[in-house]
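If you want the building blocks of each chain, they are given just below.
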Amino acid sequence: MAYAICTFCGNVCDDVEFDVNTQKGKKLCALGLAKFREKERIKSPMVDGKEVSYEEAIEKAAEILVSAKKPLLYGWASTVNEAIRYGVLLTEKVRGVYDQCASVCHAPGTLAVIEEGIPGGSLGAVKNRADMVIFWGSNPLEAHPRHPTRYSVMAKGFLIKNRKDRKVVVVDVRKTKSASMADKFIQIKPGYDYAIISALRALVKGEDIEADEVGGVPKEELAELAEEMKSAKYGVIFYGLGVTQSRGRDRNVENAVKLIQLLNRYTRWIIWPMRGHYNVVGAGEVPAWEVGYQYAIDFSRGYPRFSPAEFSAVEMLLRRDCDAMLVVSSDPAAHFPRKAVEHMKRIPVIQIDPFPNMTTLLSNVVIPSAVAGIEAEGNVYRMDGIVLRVKKLVDSQYWSDEKILHEMLKIVEEKLEG
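Burial within strand E8 (residues 132-136) is extensive, with 5 of its 5 residues counted as buried. Burial along E8 is two-sided: the residues Met132, Ile134 and Trp136 and Val133 and Phe135 are all buried. Relative to strand E9 (residues 167-172), E8 runs parallel, the two being bridged by 5 bridges. Pairing of Met132 across the sheet is with Lys167, part of E9.

This is the structure:
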């Protein structure tokens, strides 16, 4: 057994063990174990379905990107920061558009942070101090299975000695698996997050609300929740896609941040998103410290411009505004709207990924890569912004994302200079 860091979800669990020979692990959840175990791989680089060398595939990919007027470079959430950095530089060189997976999930939260900031904290602080935890529109038992035991529900800390010291509330539109572990489950009507958060803000301030119920929740139950939140010594709201992808979107998160700011007049509260892919935070943080923006970044004029309604991947594809696409560690063909995928089929697509997926089927250039955390190392951001270095457990014939993109960048620079 070798100590490892799991590269599945935003927990980035750094206490796991895995034996590459027996394919057995310790402290890995079912999702993490499935990520570590051997599975079907892309066997070799391919150009138009024909097997080629890495050098030939990268040469062809560079040729496509340089020839394109406005290439789209998308994905990035399941690779390491070093690779993402080369991706940002590559996008700038070819005057393309950089976008990442958050544009179809947690990007509204990013917009809210731009407007309001974020009163956040680390998962370590939650583990050691939080006596009240609210999961709003998120389902950790199924999406982040070890989150409750490591950080939030059952975790013991300096000030939290056992489960009885912590009150857990789940707010969602349906009774999820996570509701079973909560002390209180509050079922709300779909699309009423903003209204309920507004009601809580009024109640926390000591004001009355005229309605008998808001979003399907009785006023008395909301008043009780508001009082419990004010009485907590250290509280946290973990929000998920149920908040960012329902009616209100970024305004929901803005309102929630204002609720936290209000609660901090009485006690200590933080708010944090339950991020999905293991380095989706890095996919935003790296371009942020390179060019100032996290996603939907257009370099076509020679400098970075940010406009989610114009430069996100889905919008670019729907408008047919890109004439080539590089997909790194993602599968847009399986998840994007049909009309967006139809445009992907019209343009040259380059894929860099360890595993075959729907995008592989329509890619002109396919470049298999090493699996980060197993066959390659690098730095990643945990969901709370803490940087961890994932380890290499075994040698592999596959090139890492970092090496592939570095070589591609060098060839692109040579072609542009020539």
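Another point: a positive patch on the surface. A surface patch of like charges, here positive, comprises Arg320, Lys339, Lys345 and Arg346. Relative to the elements of secondary structure, Arg320 occurs in the loop between helix H14 (313-318) and strand E17 (324-328). Taking the relative accessible area as the measure of exposure, Arg320 reaches 53% and is therefore exposed.

Mapped onto the elements of the fold, Tyr239 is located in strand E13 (residues 234-239). As a C-alpha pair, Tyr239 and Val171 span 68 residues in sequence and 9.4 Å in three-dimensional space.

So, about the nonpolar core. Grouped together as the largest cluster of nonpolar side chains are 49 residues, with contacts concentrated most on Leu90, Leu326, Ile367 and Met408. Looking at this core, the elements that each hand over two or more residues are helix H2 (54-67), helix H3 (81-93), helix H12 (280-291), E17, strand E18 (349-353), strand E19 (365-368), strand E21 (387-390) and helix H18 (401-417). A total of 7 residues in this core trace back to one element, the largest contributor, which is H2. Non-local contacts of Met408, meaning those with residues more than four positions away in its chain, are made with Ile58, Ala61, Ala62, Leu65, Leu90, Leu326, Ile352 and Ile367. Ile186, Leu200, Tyr239 and Leu259 belong to the second-largest nonpolar core, a separate cluster that totals 35 residues.

On to the sheet that holds strand E1 (residues 2-4). What links the strands of a sheet is backbone hydrogen bonding, and the strands pair in either a parallel or an antiparallel sense. A sheet is described by the order of its strands in space; here 3 strands give the open sequence E1-E2-E3, paired in antiparallel fashion. Of all the strands in the sheet, the pair left with one neighbour each is E1 and strand E3 (24-26). The average undirected angle you get between the axes of adjacent strands in this sheet is 30°. With 3 bridges joining them, E1 and strand E2 (residues 16-19) adopt antiparallel strand pairing. Pairing of Ala2 across the sheet is with Phe18, part of E2.

The next subject is the sheet that holds strand E14 (residues 268-273). Ordered by their spatial adjacency, 5 strands build an open sheet running E10-E9-E8-E13-E14, and the pairing between neighbours is parallel. Looking at strand neighbours, the two that pair on one side only are strand E10 (184-187) and E14, the edges of this open sheet. Taking each pair of neighbouring strands and ignoring which way they run, the sheet shows an average axis angle of 15°.

Tracing the sequence through the fold places Glu221 in helix H9 (residues 219-231). For the pair formed by Glu221 and Gln245, sequence separation is 24 residues and the distance between their alpha carbons is 25 Å. Each residue touching Glu221, except ones within four places of it in the same chain, is listed here: Phe185 and Ile186.

Once their charged atoms are close, side chains differing in charge can pair, the charge on each being opposite to the other. Across all of its chains, the model carries 24 salt bridges by this definition. Note that Lys415 and Glu59 form a salt bridge whose closest N and O atoms lie 2.8 Å from each other. Taken as a pair, Lys415 in helix H18 and Glu59 in helix H2 lie far apart in primary sequence, 356 residues in all. Its relative accessible area of 31% is what places Lys415 among the partly exposed residues. Classification of Glu59 by relative accessible area gives partly exposed; the value is 34%. With a shortest N-O distance of 2.7 Å, Arg251 and Glu254 are connected by a salt bridge. Pair noted here: Arg251 and Glu254 are both in helix H11 (residues 250-263), with a separation of 3 residues, about one helical turn. For Arg251, a relative accessible area of 45% translates into the label partly exposed. Glu254 gets classed as buried once you look at its relative accessible area, which sits at 8%.

All right, on to the side chain of Asp384 then. Mapped onto the elements of the fold, Asp384 is located in the loop between strand E20 (378-381) and E21. Judged by its relative accessible area of 7%, Asp384 is buried. Side chain to side chain, Asp384 and Arg382 meet in a polar contact 2.7 Å long. Excluding its chain neighbours within four sequence positions, the residues that come into contact with Asp384 are Gly121, Ser122, Leu123 and Trp272.

Within a regular strand, the side chains alternate between the two sheet faces. In E2, alternate side chains face the same way, and those of Val16 and Phe18 on one face and Glu17 and Asp19 on the other are all buried. Here E2 pairs with E3 via 3 bridges, running antiparallel. Its bridge partner being in E3, Glu17 is matched across the sheet by Lys26. Linking E2 back to E3 in an antiparallel pair, the connection comprises 4 residues, with Gln23 at a positive phi of about 65°.

What counts, and where the lines are drawn
- Residues numbered from 1 in each chain as written.
- Predicted model: local features only at pLDDT ≥ 70, side-chain atom pairs only at ≥ 80, totals over all residues.
- Heavy atoms only, no water.
- Buried < 20%, exposed > 50% of the residue type's maximum accessible area, 1.4 Å probe, protein only.
- Helix = DSSP H or I, 4+ residues; strand = E, 2+ residues; numbered from the N terminus.
- Pairing = 2+ DSSP bridges.
- Patch = residues over 30% accessible without salt bridge, like charges linked within 9 Å, V, L, I, M, F, W, Y side chains within 5 Å.
- Areas by Shrake-Rupley, 256 points an atom, 1.4 Å probe, with all protein chains shown as cover.
- Salt bridge = Lys/Arg side-chain N within 4 Å of Asp/Glu carboxyl O.
- Lys, Arg positive; Asp, Glu negative; His and termini not counted.
- Charge placed at Lys NZ, Arg CZ, Asp CG, Glu CD.
- Core = buried A, V, L, I, M, F, W, Y, C linked by side-chain atoms within 4.5 Å.
- Contact = heavy atoms within 4.5 Å.
- Axes fitted to C-alpha atoms, helices over the stretch in contact; angles between N-to-C directions.
- Polar contact = N/O pair within 3.5 Å; in protein donor to acceptor, adjacent residues only side chain to side chain.

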